[in-house]
Amino acid sequence: MRRFSRGVDGGYAILVFVLATGILLAPPAIGMANNGDFERIMYQPEVGLAFNTTDPHLRYFNWVNRYFDVVGGGDARYPSSLALLLQPAIAVSQWLYGRPLFDLSVLAVFYTALLAVAAFFTLGALRRVLPPWATVFAALAGIVVYCDVAYLAYCRSLYSEAVSFVSFMFLLAFTLDLLTRPVPRIWGLVAFGAAAVAFGTAKLQMAPLALVLGVFAVRLAHLRQDRLWRVASVLCAAVVVGASTASYALTPRAFAYTNLYHSVFDGILVNPATRVQDLQSLHLDARLAVLAGTSYFDRHPIDVRGREFRERFYRKIGWTQIAGFYLTHPDRFIEAMQQSHRAALAMRPPYLGNYERSSGMPAKTLTHRFSVWSDTKRDWFPSSVWVLAGYWLVYVVVAVRGLRVRGFRPVDGLERGPRLAEFALWVGILAVIQFPIPYLAEGRNELVKHLFTYDLLWDTTLLISGSWAIAKIESAIRLRKRQRVIVSETTAV
């Protein structure tokens, strides 16, 4: 029976790998065009990639760049777990081509293989706790959601969103593995920690989520009573938080300046009628209103990179002032969250092409290959942020009621329900924390793309909710059948 179960898990993993790889690489191959972020990774010393074209029309926004020259070296300093994953992909690509050339398709296969491994462990964990039809729903719905092109297209690019995606899949897999075993294993905790580090250091906006994952790692200490496990759990938490903190601290200040600029001029100052008052609320020069609605990378009437602007703006503004503004202007915060919700429903940046130029497709063409889930969200989900707030309220209430007891139950006499309810609650907490971060940190600048991680977490809560509902229905049907059998046996006697 166990061998058969492993065969089912393996078959599911193969299906995920074949489907995901086919979606990305079946002619014409798809991916994500570069918006200028690729250079952060390409020019790192341990990566050392270069474009094989000098035409900006080909480099940015319009089409996917498949090939990159491997030149070695670089002076970029942008800490990201993507750099570690890129190195073996670059090595394999050079071996395949016999020259210093990096093929983005090799990285895509790396990602899809990792997704298949995560799928293998996830299905194994789900089968231990869910009734059959709920397991089938979770497996099939997981393919529809996570193999959607809105997620997979990033896997054939140099965006750190792809690492966030794959590492979260492993985080999901190993968290479920730990929570569904009568006696969780040390290797599972180590794998959880590695996935959490990769997730928390993928990009700058992950730092708050890494802190939450650190707290969750401490909670895992209650799964076993032995000292080794408790020490390992606390050490895991320290490593996750420490790695994310170090990544945040090592990020060049220029990135913080860019984010602050967008947060104010393309976030707070979006309303023309209140720009002067908003600048006064932030204790900034009202003459800076001429920059409202612009990006840091646009041409400006003021030199935004000069010393004078630093004194007038960056010396006077910070994340504390921005948070204070929204706290004292709750109506503006609600407006910002409304925009964020609509952007999250869109899922796919319309200005980043999915095809290579050799495909013959026009510039910035989006594919509709395996886009059922993202199309459904965009066209059918309610666009009101109040409906979203209602969803989160119901989700949290149901998860809290599912706890029934305080914390994890002891392993002897295992009761997995409270464990899984707390797991569901933690995923919800991560999503709720992540939701406001993109707009508060960068305003409307590439808001759809920056909500990628929130979409991933939100969709996971929807899958959890659907699996829970089907499991409840299935359990109720089973109980009804048992009661009928008991009644019929009693009547016969």
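Rules used in this analysis
Residues numbered from 1 in each chain as written. Predicted model: local features only at pLDDT ≥ 70, side-chain atom pairs only at ≥ 80, totals over all residues. Heavy atoms only, no water. Patch = residues over 30% accessible without salt bridge, like charges linked within 9 Å, V, L, I, M, F, W, Y side chains within 5 Å. Areas by Shrake-Rupley, 256 points an atom, 1.4 Å probe, with all protein chains shown as cover. Salt bridge = Lys/Arg side-chain N within 4 Å of Asp/Glu carboxyl O. Helix = DSSP H or I, 4+ residues; strand = E, 2+ residues; numbered from the N terminus. Pairing = 2+ DSSP bridges. Axes fitted to C-alpha atoms, helices over the stretch in contact; angles between N-to-C directions. Expected span 1.5 Å × (residues − 1). Buried < 20%, exposed > 50% of the residue type's maximum accessible area, 1.4 Å probe, protein only. Arc of directions from axis to C-beta. Contact = heavy atoms within 4.5 Å. Parallel < 35°, antiparallel > 145°, perpendicular 65-115°, else oblique. Nonpolar A, V, L, I, M, F, W, Y, C, P; charged D, E, K, R; others polar. Disulfide = S-S within 2.5 Å. Polar contact = N/O pair within 3.5 Å; in protein donor to acceptor, adjacent residues only side chain to side chain.

Colleague: An account of a nonpolar patch on the surface is requested, with residue identities and associated values reported.
Modeller: Taken together, Val 92, Trp 95, Leu 96 and Tyr 97 make up a surface patch of nonpolar side chains, about 440 Å² in accessible area. By the element assignment, Trp 95 lies in helix H4 (residues 82–97).

Colleague: So what's going on with the sheet that holds strand E2 (residues 67–70)? Which residues, and what values?
Modeller: Read across the sheet, three strands follow the order E1-E2-E3 without closing on themselves; strand pairing throughout is antiparallel. Lying at the two open borders of the sheet, with one neighbouring strand each, are strand E1 (49–51) and strand E3 (101–103). Put simply, the sheet's adjacent strands are angled 40° from each other on average, direction ignored. As paired strands, E1 and E2 are joined by three bridges and run antiparallel to one another. Bridge pairing in E2 links Ala 50 to Asp 69.

Colleague: Now, about H4: what can you tell me, with residues and values included?
Modeller: Between its terminal C-alpha atoms H4 stretches 22 Å, which fits the 22 Å expected from 16 residues at 1.5 Å a residue. Regarding H4, the residues found buried are Leu 82, Ala 83, Leu 85, Leu 86, Ala 89, Ile 90 and Ser 93. Taken end-on, H4 shows its buried residues confined to a sector of 140°, consistent with a single buried face. Across from the buried face of H4, at angles greater than 90 degrees, the exposed residues are Leu 84 and Trp 95. In this structure, the buried residues of H4 make contact with helix H2 (38–42), E1, E2, E3, helix H5 (104–129) and helix H8 (161–180). Directly beyond the C-terminal end of H4, a positive phi value near 70° is found at Gly 98.

Colleague: Explain the environment of Leu 204 residue by residue, including any values.
Modeller: By the element assignment, Leu 204 lies in the loop between helix H9 (186–200) and helix H10 (207–219). For Leu 204, a relative accessible area of 22% puts it in the partly exposed group. For the pair Leu 204 and Ser 160, spaced 44 residues apart in the sequence, the C-alpha separation amounts to 10.0 Å. Apart from residues lying up to four places away in sequence, Leu 204 is in contact with Tyr 78, Tyr 248, Thr 251 and Asn 259.

Colleague: Outline the packing of helix H15 (residues 319–328) against helix H16 (residues 330–346), listing residues and values.
Modeller: Axis separation between H15 and H16 bottoms out at 5 Å; the angle between their running directions is 105°. With respect to each other, H15 and H16 are oriented roughly perpendicular. For the pair H15 and H16, the contacting residues are Phe 325, Tyr 326, Leu 327 and Thr 328 in the first and Pro 330, Arg 332, Phe 333 and Ala 336 in the second. Partitioned by chemical class, the residues of the contact of H15 with H16 number six nonpolar, one polar and one charged.

Colleague: Would you mind going over the state of the cysteines in detail, with residue names and values included?
Modeller: Here a disulfide denotes a covalent bond joining the sulfur atom of one cysteine to the sulfur atom of another. Tallied over the full model, the rule gives zero disulfides. Looking at the unpaired Cys 147, the closest cysteine sulfur is the one in Cys 155, lying at 9.4 Å. A relative accessible area of 5% places Cys 147 in the buried class. Here Cys 155 falls in the buried class, since its relative accessible area comes to 0%.

Colleague: Outline the environment of Glu 442, supporting the account with residue identities and numerical values.
Modeller: Position of Glu 442 among the secondary structure elements: in helix H20 (residues 437–442). Using a relative accessible area of 13% as the deciding quantity, one classes Glu 442 as buried. Sequence separation between Glu 442 and Gly 360 is 82 residues; the distance between their C-alpha atoms is 34 Å. With near-sequence residues (within four places) excluded, Glu 442 lies in contact with Asn 259, His 262, Ser 263 and His 450. Among the polar contacts listed, one links the side chain of Glu 442 to the side chain of Asn 445, at a separation of 2.9 Å.

Note that all results are geometric; they support no functional claim without further evidence.
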